[in-house]
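Coordinates in review
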Amino acid sequence: MKSIIVCVICGLVLFGAGVWAQGVIIDQVVTARQIADANGSDRAAPDEVAFAGDSRLVITDSSDDMVERVYLIDVSTDPPTFTLVTDTEALKDKVDEVNGRFRGRPAELTIQALGVDEDGDIIIASDGRDETGYVFRVDPEEKTIVLLAGRDGPAGVTSVEGIAAMAVRGRTIYLVLEERFGAVNGDTVATVSVDAPDGGKTPAETLVSEDAFRQLLGPDDPLAFRVIGFLPNGHLVLANSAAAASSDDLLEIDVATGAVSLLVAATDIEADIGAPDIGPNAGGIDPDGTIYLTNAFGTGQTDDGVIVIRNAGGGQGDASLLASEAMIIGSPNIFDINGDPIGGLFILNGSGISPASGTFVFAEGNCDCLIRLREVSAN
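Quick look at the structure, then. Remember, it's a predicted structure, so these values are computed and weren't measured experimentally. (Residues numbered from 1 in each chain as written. Predicted model: local features only at pLDDT ≥ 70, side-chain atom pairs only at ≥ 80, totals over all residues. Heavy atoms only, no water.)

**Quick notes on the pattern of salt bridges**
Overall, the coordinates contain 20 salt bridges when judged by the stated rule. Between Arg105 and Glu89 there is a salt bridge; the shortest N-O distance is 2.9 Å. In this pair, Arg105 sits in the loop between α2 (88–99) and β7 (111–116) while Glu89 sits in helix α2, placing the two residues 16 residues apart along the sequence. Among the residues examined, Arg105 registers a relative accessible area of 36% and is labelled partly exposed. Between Arg137 and Asp119 there is a salt bridge, with its nearest N and O atoms 2.9 Å apart. Here Arg137 is found in strand β9 (residues 134–138), whereas its partner Asp119 is found in the loop between β7 and β8 (122–126), with 18 residues between them in sequence. For Asp119, a relative accessible area of 47% gives the class partly exposed. One continuous salt-bridge network, built from bridges that share partners, spans Asp117, Glu118, Asp119, Asp121, Arg137, Arg171 and Asp195. (Salt bridge = Lys/Arg side-chain N within 4 Å of Asp/Glu carboxyl O. Helix = DSSP H or I, 4+ residues; strand = E, 2+ residues; numbered from the N terminus. Buried < 20%, exposed > 50% of the residue type's maximum accessible area, 1.4 Å probe, protein only.)

**With respect to helix α4 (residues 266–273)**
Burial in α4 covers these residues: Ala266, Asp268, Ile269, Glu270 and Ile273. Residues of α4 that are buried make contact with β17 (250–253), β18 (260–264), β20 (291–294), β21 (306–313) and β22 (316–323). Gly274 occupies a position one or two residues after α4 and carries a positive phi of about 75°. (Contact = heavy atoms within 4.5 Å.)

**Let's talk about the state of the cysteines**
Tallied over the entire structure, the rule returns 1 disulfide. Bridging Cys367 to Cys369, the disulfide has an S-S length of 2.0 Å. Judged by the sign of its S-S torsion, about -75°, the bond between Cys367 and Cys369 is left-handed. (Disulfide = S-S within 2.5 Å.)

**What to know about the nonpolar core**
Formed by 20 residues in total, the largest nonpolar core has its most connected members in Ile328, Ile371 and Leu373. Elements with a contribution of two residues or more to this core: β2 (24–30), β21, β22, α5 (325–329), β24 (359–364) and β25 (369–375). Excluding residues within four positions of it along the chain, Ile371 makes contact with Asp27, Ile328, Ile334, Leu345, Phe360, Val361, Phe362 and Glu364. (Core = buried A, V, L, I, M, F, W, Y, C linked by side-chain atoms within 4.5 Å.)

**Digging into the packing of aromatic side chains**
Applying the stated criterion across every chain, the model contains 6 aromatic pairs. For the pair Tyr292 and Phe360, a centre-to-centre distance of 5.6 Å together with 15° between the ring planes defines the contact as stacked. Placement of Tyr292 in strand β20 and of Phe360 in strand β24 is noted, with a sequence separation of 68 residues between them. Here the two residues Tyr292 and Phe360 agree in accessibility, since each one is buried. (Phe/Tyr/Trp six-rings, centres within 6.5 Å; stacked < 30°, edge-to-face > 60°.)

**A short note on unusual backbone geometry**
In this model, Asp78 is joined to Pro79 through a cis peptide bond whose omega is 0°. Mapping Pro79 onto the fold places it in the loop between β5 (69–74) and β6 (81–87). Positive phi is not limited to glycine here, since Asp130 has a value of about 65°. With respect to the element layout, Asp130 can be found in the loop between β8 and β9. Judged by relative accessible area, Asp130 falls into the exposed class, the value being 78%. Phi is positive for Asn311, close to 60°, though the residue is something other than glycine. Among the secondary structure elements, Asn311 is positioned in strand β21. Relative accessible area serves as the criterion here: at 63%, Asn311 is assigned to the exposed category.

In structure tokens form, the structure reads like this:
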């Protein structure tokens, strides 16, 4: 489950209390108890995360086995203010509305990724095993739902089938489509406009073909991408790290031309941090171009830590371990819904964002919370 959008955050969200250790402040920006209070239960399960500007986050909460909810959260208030934007039942109803008797209402609908467009509308991509992929646009105030994509062909073989991840910038949605999840054109990046008409019949356009990825990565590297974010120049960054044997390289995509190039080689990162292997499963890029990666499938002391990369470009960068797993779980500000410490990190795939300079946020499944790391100057 993945999604990334990078913007600049304002206000008090950046400056809450936390624990300072080795130049990093570690705290929770949203706790499990706050999520559970919002859904009226004793459970919390944040998953996808996006940034909506003005101290606001968007999350999914899958703590209810029957329905997944999407919340807009203003974290500048104490406690944070939750607004229920939509849920999977409402999204199914929307598909049923446009399908009519021909296809009817989907039995299952699984949210895969979140984003926010330049108007502040929330973009939701859904797909799952034996499901048809869809892309929705939701007005968070009016709660109106527009179905942008997913009905331009027979169920299961549309131009957005196989959604694995998504990023949103301006008025364009960038979808990572994977063959192993049913993508009809192989492992590609496709685009959808946020202004596509309601009904979902506008085909997505291929931005990066599988052949383009193969020309860079070779014929044997498994293609399985995670969205990391956008560089200051607007280029999209992916990590080829969503399969066990993938290279873990960071790739840069020129969104104007679709040209793909090597941004930082995994071997360069590994050499910098002294690890035999990395395994990024989430990440973000701050407004200054600093890259953050959660190393959930790495090895050794860097496993489940957060890596920071500066000066990325041309296959190289300056990487270091920003915070180890031990440092993060050792913070007294990291605890579960009962207020107890957690024994390790279970970082949710594709759940990272960098909402401001020197700041990284990711969803964690043992505290069922959103953990925030903020770099601070030693001076």
